[in-house]
Every structure is written in C-alpha cells, then in structure tokens.
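The chain contents come next:
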Amino acid sequence: MSRRAAGPRTLGAGAVGAALALALTPAAAADTGEVAGDPDDVTPETIADAVIPIDPAPSVIGIDPSESVEELETEKSEGGTTTVTIAADVLFAFDEASLTDAAQDTIADIAGRLEGAEGTVEVVGHSDGIGDDAYNQELSEKRAEAVKSAIEDELGSAAPDIEAEGRGSSEPVAEETDGDGNDVPSARAENRRVEISFEGG
C-alpha cells in the first residue's frame, strides 16, 4: 500500500472554531485597555474622587474699559466757547491729509452746528510726536485746511468765517511713552486730532 507524499495541512472547521474561541476569551480582551466594571454602577465616592476642583481666579484677567476705549469725539464748553475734538483717525487715513469717505457724516454733523455761528470758527490740527517736527507741522496744517474746506462746502453761503491752523505735535494731550520709555500707541492716537472751536453750543 503506497503512502501519499506529505503536503500542507489545512485546519478543519472544528479547529478554526477553537482558535476563534481562544482569541475572544477575556484574557485576550484584557490587552485592549478597557476597564472592567459596570458603567451604570458608580458610587458617589468614585464620582467625588474623579472631580478635580479648579480655581478660576488665576485665569481671569481684569480689563479697565477706560484704558481700552478710545474716544473718537469729545466736547467741552468753557466761557461760552465750545470745542469739539475729533480723532484724526476718524477723518483721515494714516499719514494722509485728504478726508476719507467715512468722514463725511462727521463733517456734516459738525457743520450743522456751525451754520449761522457768530464770530470766527477756529479749526486746529494736531499730530502725534512721531517723525520730524517740520513734517508734523505741515501735516497738521493740511488736515485743518481739509476740515475747513469740507465744512464750507457743506454749508455753502451759510458757512461762518473759519480760520484753520496747524500746531504739529507741540500741544499733546497724552504722554506718548510710559515710564520705561515704551511707546503708547493709544496716547499717540489721542494726540492726533482736530479741534473745532466756536462761540455758543
């Protein structure tokens, strides 16, 4: 009786089933990192141990609005004279002397108050302290003239007598550097302004 040559063996269905059963035993599943236990059966002590208190105080930063908000237009009256101060950044692009399109509403508002005003209206331009004094003086003059012309165009024949002048950076209203010599951009912005003074309110 002849023997067959030995060849690859295949597992029967029973052997395959046994292998799968072995692979799915709890011991094999233990390597998945799952934690044993009933998630619906948690004691209050376990929950308390899992809670980590957090103190929000170190993460809260206080903000002083007075240091973060820049007033774009202010007004004060003294001895019968009203002075309206408008931030130059509202009226002009940076380092420019031509009024922006957005400035028109601001000019129209102030012009309405000047219609028929008595005496001479003064328009004074101011710059910040960055750059050459002569350049800042010229820029402030041009900006004052631009505001004057816009008011006259707005009012036409009803426009009062208006004088425009520039004072460069000679009359700052805020310190542009702090005690350590660091630049303070908000202060520079405050110094860039146009003041319009007229009799009455």
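Everything here concerns the structure above.
Everything numeric here is computed off the predicted structure, so don't read it as measured data.

Trainee: How do you make sense of the overall build of the chain when you look at a structure like this?
Mentor: Along its length, the chain carries 8 helices and 5 strands. Its helices and strands taken in sequence order, the chain reads α-α-α-α-β-β-α-α-β-α-β-α-β from the N to the C terminus. When the 201 residues of the chain are sorted by exposure, 26% land in the buried category. Summarising the internal contacts of the chain: among those between residues at least 6 apart in sequence, 67% fall at separations of at least 24. Of the roughly 14000 Å² of accessible surface on the chain, 52% is carried by carbon and sulfur atoms.

Trainee: Is there a simple way to explain the pairing of strand 4 (residues 162–166) in this structure?
Mentor: Two faces belong to every sheet, and in a regular strand the side chains alternate between them. Direction of pairing for strand 3 (residues 121–126) relative to strand 4: parallel, over a ladder of 5 bridges. Within the sheet, the bridge partner assigned to V123 lies in strand 4 and is A164. Following the backbone out of strand 3, through helix 7 (residues 133–155) and into the adjacent parallel strand 4, one traces a crossover that is right-handed.

Trainee: Can you help me understand helix 7 in this one?
Mentor: Three or four residues apart is the spacing at which side chains of an α-helix point the same way, because the helix has 3.6 residues per turn. Its 23 residues give helix 7 an end-to-end C-alpha distance of 33 Å, which sits within 8% of 33 Å, the value for a rise of 1.5 Å per residue. Every buried residue of helix 7 is accounted for by N136, L139, S140, R143, A144, A146, V147, K148, A150, I151 and L155. Against helix 5 (88–91), helix 6 (104–114), strand 3, strand 4 and strand 5 (193–199) lie the buried residues of helix 7. The positive-phi residue at the C-terminal boundary of helix 7 is G156, with phi of around 65°.

Trainee: Even after reading the chapter, I still don't get the packing of helix 6 against helix 7, so can you show me in this structure?
Mentor: Angle between the axes and distance between the axes are the two parameters that describe a pair of packed helices. Contact geometry of helix 6 with helix 7 gives a least axis separation of 9 Å together with a crossing angle of 65°. Between helix 6 and helix 7, the crossing angle belongs to the class labelled roughly perpendicular. Our pair here, helix 6 against helix 7, has a crossing hand that is right-handed. Residues Q104, I107, A108, I110, A111 and L114 of helix 6 pack against V147, A150, I151, E154 and L155 of helix 7. Its residues assigned to classes, the contact of helix 6 with helix 7 comprises 9 nonpolar, 1 polar and 1 charged.

Trainee: Looking at this structure, I do not really get the sheet that holds strand 1 (residues 73–78). What am I missing?
Mentor: Backbone hydrogen bonds are what pair the strands of a sheet, in a parallel or an antiparallel way. A sheet is described by the order of its strands in space; here 5 strands give the open sequence 1-2-5-3-4, paired in mixed fashion. Lying at the two open borders of the sheet, with one neighbouring strand each, are strand 1 and strand 4. Taken pair by pair, the neighbouring strands of this sheet meet at an average axis angle of 15°, ignoring direction. Where strand 2 (residues 81–87) meets strand 5, 6 bridges bridge the pair, whose relative direction is antiparallel. Residue pairing across strands places V84 opposite I196, the latter belonging to strand 5. Against the sheet, helix 6 touches strand 1, strand 2, strand 3 and strand 5, its axis set at about 15° to strand 5. Packing against the sheet, helix 7 makes contact with strand 3, strand 4 and strand 5, and its axis sits at approximately 160° to strand 4.

Trainee: Quick question: what am I supposed to make of the side chain of N136 here?
Mentor: Of note, N136 is situated in helix 7. Taking relative accessible area as the criterion, N136 reaches 3% and is therefore assigned buried. Within the structure, the side chain of N136 is placed 3.0 Å from the backbone oxygen of I130, a separation counted as a polar contact. Beyond its immediate sequence surroundings of up to four residues, N136 is in contact with S127, D128, G129, I130, G131, G168 and S169.

Trainee: Could you clarify how one ought to interpret the environment of P160 in this entry?
Mentor: If you trace the backbone, P160 turns up in the loop between helix 7 and strand 4. Under the relative-accessibility criterion, P160 is labelled buried at 11%. Sequence separation of P160 and E115 is 45 residues, and the distance between their C-alpha atoms is 6.8 Å. Residues within four places of P160 in sequence aside, it is in contact with L114, A117, G119, V121 and L155.

Analysis parameters
Residues numbered from 1 in each chain as written. Predicted model: local features only at pLDDT ≥ 70, side-chain atom pairs only at ≥ 80, totals over all residues. Heavy atoms only, no water. Helix = DSSP H or I, 4+ residues; strand = E, 2+ residues; numbered from the N terminus. Buried < 20%, exposed > 50% of the residue type's maximum accessible area, 1.4 Å probe, protein only. Contact = heavy atoms within 4.5 Å. Areas by Shrake-Rupley, 256 points an atom, 1.4 Å probe, with all protein chains shown as cover. Pairing = 2+ DSSP bridges. Right-handed = clockwise from strand over helix to strand, strands pointing away. Expected span 1.5 Å × (residues − 1). Axes fitted to C-alpha atoms, helices over the stretch in contact; angles between N-to-C directions. Parallel < 35°, antiparallel > 145°, perpendicular 65-115°, else oblique. Left-handed = near helix turned anticlockwise from the far one by under 90°. Nonpolar A, V, L, I, M, F, W, Y, C, P; charged D, E, K, R; others polar. Polar contact = N/O pair within 3.5 Å; in protein donor to acceptor, adjacent residues only side chain to side chain.

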